[in-house]
Amino acid sequence: MLLRQSVLAGIADGSVTLAFRRWTRPTVRAGGTLLTAMGVLAIDAVDEIEESAVTDDEAEQAGFADRAALLKELALRPEGRCYRIALRRIGDDPRLTLRDAATLSDRERTEIHRKLDAFDRSTGMAWTHPVLRLIADHDRTTAAELSAAVGMDKLKLKARIRKLKELGLTESLSVGYRLSARGRSYLDGN
């Protein structure tokens, strides 16, 4: 579930506590969490709701001026059913702390290596180390440049780089990627 920057800011300051989506099936579930650019969100409820039942107050809780503005946005995606999602910020993005860890224990290094090997095996292609090395050698390397260099579809590669980011090895920049301190430490030790 993607959220606009203005909505994320509202969640962070507590003014936004709801989101509305039109889905053929929900992409989040009550009791789950969602990792976003501004931190971790708790998904407290996911309820199917008729558009006619949405109130002005709920629209404002979702960051809209009023019900009409919310319904106008929902109309951009006519397929699916309307869902109301209750959410709140519960903490910082754990990847931020992880990626700043410049010193790795032998256990951490072994665990990273095990996970990278599993990523490679699951795709039938040794892509993790070549991509990490390319990013290390060229800060701000874009997904298009990386995909051309490793011979992989750009969208597939972006999804795979998110796995590297979850391990704290890479950082997304406004343009491209760079290796984190943790990623550099891992590469330097291998």
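Description of the structure in this document.

The rules behind the values
Residues numbered from 1 in each chain as written. Predicted model: local features only at pLDDT ≥ 70, side-chain atom pairs only at ≥ 80, totals over all residues. Heavy atoms only, no water. Core = buried A, V, L, I, M, F, W, Y, C linked by side-chain atoms within 4.5 Å. Buried < 20%, exposed > 50% of the residue type's maximum accessible area, 1.4 Å probe, protein only. Helix = DSSP H or I, 4+ residues; strand = E, 2+ residues; numbered from the N terminus. Contact = heavy atoms within 4.5 Å. Expected span 1.5 Å × (residues − 1). Arc of directions from axis to C-beta. Pairing = 2+ DSSP bridges. Axes fitted to C-alpha atoms, helices over the stretch in contact; angles between N-to-C directions. 1 Å grid on protein atoms, 1.4 Å probe; cavity = no way out; pocket = protein on both sides within 12 Å on 5 of 7 lines; lining within 4 Å. Points joined across faces, edges and corners; volume = space filled by probe spheres on them. Nonpolar A, V, L, I, M, F, W, Y, C, P; charged D, E, K, R; others polar.

**Examining the nonpolar core**
Leu-116, Val-131, Leu-132, Leu-157, Leu-164, Leu-169 and Tyr-186 are the most contacted members of the largest nonpolar core, which totals 22 residues. Those elements that provide at least two residues to this core are helix H5 (106-123), helix H6 (128-137), helix H7 (143-150), helix H8 (154-166), strand E6 (177-179) and helix H9 (181-188). Per-element tally for this core: the top contributor is H6, with 4 residues. Setting aside anything within four residues of it in sequence, one finds Leu-116 in contact with Thr-128, His-129, Leu-132, Leu-164, Leu-167, Leu-169 and Tyr-186. Val-16, Trp-23, Ile-43 and Tyr-83 belong to the second largest nonpolar core, which has 16 residues in total.

**Section: H5**
An α-helical turn contains 3.6 residues, so any two residues separated by three or four positions project in the same direction. Helix length check: H5 (18 residues) gives 26 Å between terminal C-alpha atoms against 26 Å at 1.5 Å per residue, within 8%. Listed in full, the buried residues belonging to H5 are Arg-109, Ile-112, Leu-116, Phe-119 and Asp-120. Down the axis of H5, the sector holding all buried residues measures 95°, keeping them to one side. When the buried face of H5 is taken as reference, the exposed residues oriented beyond 90 degrees from it are Asp-106, Arg-107, Thr-110, Arg-121 and Ser-122.

**Points about the sheet that holds strand E3 (residues 39-48)**
An order of E1-E4-E3-E2 is seen for the 4 strands of this open sheet, with the pairing classed as antiparallel. The open sheet has two free edges, formed respectively by strand E1 (18-23) and strand E2 (33-36), since each of these has just one partner strand. Neighbour-to-neighbour, the strand axes of this sheet turn through a mean angle of 40°, independent of strand direction. Pairing analysis gives 6 bridges linking E1 to strand E4 (residues 81-91), with the strands arranged antiparallel. From the neighbouring strand, Phe-20 faces E4, where its bridge partner is Arg-84. Here helix H1 (residues 5-13) sits on the sheet and contacts E2, E3 and E4; the angle it forms with E4, its principal contact strand, is near 55°.

**A short note on the layout of surface pockets**
Here the idea is plain: a probe the size of a water molecule rolls over the atoms and shows the empty space left. Size it by volume and the largest pocket reaches roughly 790 Å³. Along the wall of the largest pocket there are 26 residues; nearest its centre are Leu-2, Arg-95, Arg-162, Lys-165 and Ser-172. Of all elements in the fold, only H1, E2, helix H4 (94-100) and H8 reach the threshold of two or more residues within the lining of the largest pocket. Considering every element that reaches the lining of the largest pocket, the biggest residue donor is H8, with 5 residues. Residues of the lining of the largest pocket, tallied by class, amount to 13 nonpolar, 6 polar and 7 charged. The space that makes up the second largest pocket amounts to roughly 440 Å³. Lining the second largest pocket are 21 residues, and of these Leu-2, Phe-20, Arg-21, Trp-23 and Glu-73 lie nearest its centre. Put simply, the parts of the chain that give the lining of the second largest pocket at least two residues each are E1 and helix H3 (67-74). Per-element tally for the lining of the second largest pocket: the top contributor is E1, with 6 residues. Classifying every residue of the lining of the second largest pocket gives 13 nonpolar, 2 polar and 6 charged.

**A closer look at the pairing of E1**
Burial analysis of E1 places 6 of its 6 residues in the buried class, the great majority of the element. Along E1, one buried face is formed by Leu-18, Phe-20 and Arg-22 and the opposite face, lined by Ala-19, Arg-21 and Trp-23, is buried too.

Spatial relationships are all this shows, so hold off on functional conclusions.
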